[in-house]
Amino acid sequence: MSPSPVSYRLAALPALVDPWLQEVNPLWSLTEVRARIVAIREEAEDFRTFVLAPNRHWPGHRAGQFVPVAAVVDGVRTERCYSISSAPTRDRHTFEISVRRVREPRDGILSTYLHTQARVGDVLRLGRPAGDFVLPDDFAGKLLLVSGGSGITPILSIARDLAARNRLRDVVFVHAARSEAALPQAIRRELEALPFAGVHFLVGPLTPERLAEIVPDRHTYSRVYLCGPAPMMERFVGDVGGTPTGVLVTERFQAPRESAASLRGEGEVTPVKVAVGRGRVVAVATTPSLLEALEAAGERPRYGCRQGICNSCRCEKRSGIVEDLRTGKRSGPYAEEIRLCTSRAVSDLELNLGDAR
Ligand SMILES: Cc1cc2nc3c(=O)[nH]c(=O)nc-3n(C[C@H](O)[C@H](O)[C@H](O)COP(=O)(O)OP(=O)(O)OC[C@H]3O[C@@H](n4cnc5c(N)ncnc54)[C@H](O)[C@@H]3O)c2cc1C
């Protein structure tokens, strides 16, 4: 059944009303989650925590989940995902994200903005918390938490949540930082004071062999949670210290090299026409991903993770055929939702980028 004209009008209401509400109070919105920065803490070199007080649309999070965060940088709405580093609380008054400033190979847009321009009192726009890097509700058994660099954030949320529930007795925590200056000292003191089975803060690369030395009984753990920079994650694929473990659960901040290559796509580059809404039609190549192809054509669609995790680039395809770059499966020609970062155009398309801009 197609939506009635009344439901179309209701759906358009926030876009009409929100700008007025925002004039009165930037936190107010009919539907959007927004949060005020109420404190900023320096944790280590180029790594800071933002304490956020959300509006009433914040649904609360599960330990280990991430949230899409958006700000207007140089006039462009820019959205990225950040794992929540605080434990869930019942009152949901505040929560925290911790952001590493990306400098290589060039300054990252949103992380640089958050480190150099964001101030206490500013309001950020947020999506809803998402992700399945979470413990099962009925989890029992020994747990190994392993992080590298900014990958500490979801692990920290899980550790803090377990601490609040007095369940650290069978938990070992291992964190590796690239240098002494990158070690988050206040977090280190906080965790070292908790009754873990073991807490280890290291400097330098973490390899499966090094982990095997630190946690020699790692094969007795029911679950291993792992989050860190791409090279560290790649070292650990299929190997958590040379011995099979129960279940390895990973969270990636960047796509692994081979899947990033597949999302860029190689081969066909036949140009097709894409109607992007508001009467505009652009010519794009059939590879790489629609996201990159549209960017190359001068469009600025919204995106978050660029790897099919966060849904920020989700938009409506009204007609035409796309291929899912991860599965190779082709869509039908009918209307459906697609993600720009994991799809490529196969034919001329009609898109509604309304929400994805
Ligand atoms: C689920 C999830 C959770 C995450 N959680 C966290 C977290 O808790 N903490 C955290 O710090 N990060 C986290 N991230 C990473 C975060 O979302 C951003 O990717 C990160 O902050 C970089 O964003 P940016 O806008 O600063 O960089 P971008 O501007 O998006 O740049 C990304 C990279 O591309 C490079 N680059 C940009 N333009 C060019 C160019 N023209 N040529 C070559 N290279 C270029 C940049 O140098 C950088 O290395 C998470 C990501 C995901 C997917």
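Further up the page is the structure itself.
Residues numbered from 1 in each chain as written. Predicted model: local features only at pLDDT ≥ 70, side-chain atom pairs only at ≥ 80, totals over all residues. Heavy atoms only, no water.

A.B. asks: What exactly am I supposed to notice about the overall build of the protein chain here?
C.D. replies: Scanning the protein chain from N- to C-terminus turns up eight helices and 18 strands. Buried residues in the protein chain amount to 48% of all 357 residues. The long-range fraction of contacts in the protein chain, counting pairs at least 24 apart against all pairs at least 6 apart in sequence, stands at 64%. Summed over its atoms, the accessible surface of the protein chain is roughly 17600 Å², and 52% of this surface lies on carbon and sulfur atoms. (Helix = DSSP H or I, 4+ residues; strand = E, 2+ residues; numbered from the N terminus. Buried < 20%, exposed > 50% of the residue type's maximum accessible area, 1.4 Å probe, protein only. Contact = heavy atoms within 4.5 Å. Areas by Shrake-Rupley, 256 points an atom, 1.4 Å probe, with all protein chains shown as cover.)

A.B. asks: Just checking my understanding: could you explain the site of the ligand for this structure?
C.D. replies: Taken together, 23 residues surround the ligand, and among them R80, C81, Y82, R106 and S111 come closest. One of the side-chain N or O atoms of Y82 is found 2.7 Å from an oxygen atom in the ligand. R106 is positioned with one of its backbone polar atoms (N or O) 2.5 Å from an oxygen atom of the ligand. Coverage of the ligand by the protein chains reaches 76% of its 970 Å² of free accessible surface. Elements represented by at least two residues in the shell around the ligand include exactly β4 (76–83), β5 (95–100) and α2 (109–116). (Near = heavy atom within 4 Å. Polar contact = N/O pair within 3.5 Å; in protein donor to acceptor, adjacent residues only side chain to side chain.)

A.B. asks: I tried to follow the packing of aromatic side chains on my own but got confused; where do I start?
C.D. replies: Two aromatic rings, taken as a pair, are described by how far apart their centres are and by the angle between their planes. For the coordinates displayed, the defined rule picks out four aromatic pairs. Taking the centre distance of 5.5 Å and the plane angle of 40 degrees together, the rings of F173 and F201 count as tilted. With F173 in strand β8 (residues 171–177) and F201 in strand β9 (residues 198–203), this pair connects stretches of sequence that are 28 residues apart. Look at F201 and you get buried, because its relative accessible area is 11%. Counting every residue linked through ring pairs, the aromatic cluster contains F173, F196 and F201. The cationic tip of K142 hangs over the ring face of Y221; the distance from NZ or CZ to the ring centre is 4.7 Å. Here the basic side chain of R306 rests over the ring of Y303, its NZ or CZ set 4.2 Å away from the ring centre. (Phe/Tyr/Trp six-rings, centres within 6.5 Å; stacked < 30°, edge-to-face > 60°. Lys NZ or Arg CZ within 6 Å of the ring centre and 35° of its normal.)

A.B. asks: Sorry if this is basic, but what is going on with a nonpolar patch on the surface here?
C.D. replies: Side chains of L13, L16 and L30 sit close together on the surface and give an oily, nonpolar patch of about 250 Å² of accessible area. Take L30: it is sitting in the loop between α1 (5–24) and β1 (33–44). For L30, a relative accessible area of 34% puts it in the partly exposed group. (Patch = residues over 30% accessible without salt bridge, like charges linked within 9 Å, V, L, I, M, F, W, Y side chains within 5 Å. Salt bridge = Lys/Arg side-chain N within 4 Å of Asp/Glu carboxyl O.)

A.B. asks: So what exactly am I meant to see when it comes to the nonpolar core here?
C.D. replies: Side chains of a nonpolar character, in soluble globular proteins, are inclined to be buried together. Judged by nonpolar contacts, the single largest core of 27 residues is most densely connected at L143, L145, I158, F173 and Y225. Within the residue set of this core, elements represented by two or more residues are β7 (143–148), α3 (152–164), β8, α4 (185–192) and β10 (223–227). In terms of residue count, the dominant contributor to this core is α3 (six residues). No fewer than three residues from each of domain 1 (24–126) and domain 2 (143–251) sit in this core. Setting aside its immediate chain neighbours within four residues, Y225 contacts F133, V134, L135, P136, L143, L144, L145, V146, I155, I158 and V249. Membership of the second largest hydrophobic core comes to 21 residues, among which are F50, L52, W58 and L110. (Core = buried A, V, L, I, M, F, W, Y, C linked by side-chain atoms within 4.5 Å. Domains from an automatic or database assignment.)

A.B. asks: I would appreciate a short explanation of the pattern of salt bridges in the present structure.
C.D. replies: Pairs can form between side chains of opposite charge whenever their charged atoms are close. Taken as a whole and judged by the stated rule, the model has 25 salt bridges. Across the pair E32 and R125 runs a salt bridge, and its minimum N-O distance is 3.6 Å. Here R125 lies in strand β6 (residues 123–126) and E32 lies in the loop between α1 and β1, a separation of 93 residues in the sequence. Its relative accessible area of 18% is what places E32 among the buried residues. Accessibility expressed as a relative area gives 26% for R125, which makes it partly exposed. A salt bridge links E79 to R302, with the shortest nitrogen-to-oxygen separation between them at 3.1 Å. With E79 in strand β4 and R302 in the loop between α8 (290–296) and β14 (314–319), the pair connects residues that are 223 residues apart, well separated along the chain. In this pair, the class of E79 matches that of R302, namely buried. The network of salt bridges with common partners includes D18, E32, R34, R77, E79, R125 and R302.

A.B. asks: Help me understand the environment of A118, please; the structure alone is not making it clear to me.
C.D. replies: Inspection of the secondary structure puts A118 in the loop between α2 and β6. Spatially, the C-alpha atom of A118 lies 9.6 Å from that of F50, the residues being 68 residues apart in sequence. Once residues within four sequence positions are removed from consideration, A118 is found in contact with I37, I40, R48, F50 and Y113.

A.B. asks: Can you help me understand the sheet that holds strand β16 (residues 336–339) in this one?
C.D. replies: Sheet strands pair via backbone hydrogen bonds, and the direction of the pair is either parallel or antiparallel. Here five strands make up an open sheet; going across it, the order is β13-β12-β18-β14-β16 and the pairing mixed. The sheet is open, and its two edges are formed by β13 (280–285) and β16, each paired on a single side. Ignoring strand direction, the axes of neighbouring strands in this sheet form an average angle of 40 degrees. Examined bridge by bridge, strand β12 (residues 271–277) and strand β18 (residues 349–352) share two bridges and lie parallel to one another. Residue pairing across strands places V274 opposite L349, the latter belonging to β18. (Pairing = 2+ DSSP bridges. Axes fitted to C-alpha atoms, helices over the stretch in contact; angles between N-to-C directions.)

A.B. asks: Just to check I follow, could you spell out the side chain of E323 for this structure?
C.D. replies: Within the secondary structure layout, E323 lies in strand β15 (residues 322–324). In this structure E323 touches G328, K329, R330, T342, S343, R344 and V346, once residues within four positions along its chain are discounted.

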